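Listed here are the chains, written in short residue letters.
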Amino acid sequence: MTDEWQDTSEEDGITLGPEEVLGREIAKSKALKVERLQLRDQIERLTAQNQSLRDQLEALKQNAGESSGDSGHSPDTSNSRYSGTPTPAHGSRPNRWALFLLVFNLAAIGLLLILLLQKPLQ
């Protein structure tokens, strides 16, 4: 008879009754189902976004092929109306101000972190 009895206890040593154990298992099951549904929704959104990006890429490739065949321009200077971001007029070279600002901001953040770490804890 003692083999049929299962001792269900929590971390703090409290023995749970069958109703509490069942309630906890149901709660765990519900949480897992909710998480599974959220993951399924996220997969559907990412799949749709992936397909949209593939369509945009295909349209950009076609547009680049048409523009290079018509006027001899490089694909980097073509009109990128599908991507939502304008292409710089001077080619694919990055803007020097943007690069300078990026380096300056990273240096400032690094300096602030060093100063913060050297400050003694109070």
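Remember, predicted model here, so these are calculated numbers, not experimental data.

## Considerations on the overall build of the protein
- Regarding its fold elements, the protein presents 2 helices and 0 strands.
- Buried residues in the protein amount to 7% of all 122 residues.
- In the structure as shown, the protein presents an accessible area of about 11300 Å², 59% of it carried by carbon and sulfur atoms.

## Considerations on the packing of aromatic side chains
- Across all of its chains, the model carries 2 aromatic pairs by this definition.
- Note on Trp 97 and Phe 100: the rings are 6.0 Å apart at their centroids and 90° apart in plane angle, and the pair reads as edge-to-face. Remark: Phe 100 and Trp 97 occur in helix α2 (residues 96-118); sequence separation between them is 3 residues, near one turn of the helix.
- On the accessibility criterion, Trp 97 (60% relative accessible area) is exposed.
- For the ring pair Phe 100 and Phe 104, a centre distance of 6.3 Å and an interplane angle of 25° mean the geometry is stacked. Highlighted residues: Phe 100 and Phe 104, both in helix α2, separated by 4 residues, approximately one helical turn.
- Members of the aromatic cluster, each reached through a chain of ring pairs, are Trp 97, Phe 100 and Phe 104.

## Remarks on a positive patch on the surface
- A surface patch of like charges, here positive, comprises Lys 30, Lys 33, Arg 36 and Arg 40.
- In this fold, Arg 40 is placed in helix α1 (residues 18-71).

## What to know about the pattern of salt bridges
- For the structure shown, the criterion picks out 1 salt bridge.
- Put simply, Glu 25 and Lys 28 hold a salt bridge, and the shortest N to O gap is 3.9 Å. Of this pair, Glu 25 and Lys 28 both sit in helix α1, separated by 3 residues, roughly a single helical turn.

## What about the confidence of the model for the protein?
- On average, the protein scores 78 in pLDDT, and the residues at 70 or more come to 66%.
- In this model residues 77-82 is a low-confidence stretch, pLDDT under 50, and it forms 12 contacts with partners more than four residues away in sequence or in other chains.

Cut-off values and rules
- Residues numbered from 1 in each chain as written.
- Predicted model: local features only at pLDDT ≥ 70, side-chain atom pairs only at ≥ 80, totals over all residues.
- Heavy atoms only, no water.
- Helix = DSSP H or I, 4+ residues; strand = E, 2+ residues; numbered from the N terminus.
- Buried < 20%, exposed > 50% of the residue type's maximum accessible area, 1.4 Å probe, protein only.
- Areas by Shrake-Rupley, 256 points an atom, 1.4 Å probe, with all protein chains shown as cover.
- Phe/Tyr/Trp six-rings, centres within 6.5 Å; stacked < 30°, edge-to-face > 60°.
- Patch = residues over 30% accessible without salt bridge, like charges linked within 9 Å, V, L, I, M, F, W, Y side chains within 5 Å.
- Salt bridge = Lys/Arg side-chain N within 4 Å of Asp/Glu carboxyl O.
- Lys, Arg positive; Asp, Glu negative; His and termini not counted.
- Charge placed at Lys NZ, Arg CZ, Asp CG, Glu CD.
- pLDDT = per-residue confidence, 0-100.
- Contact = heavy atoms within 4.5 Å.

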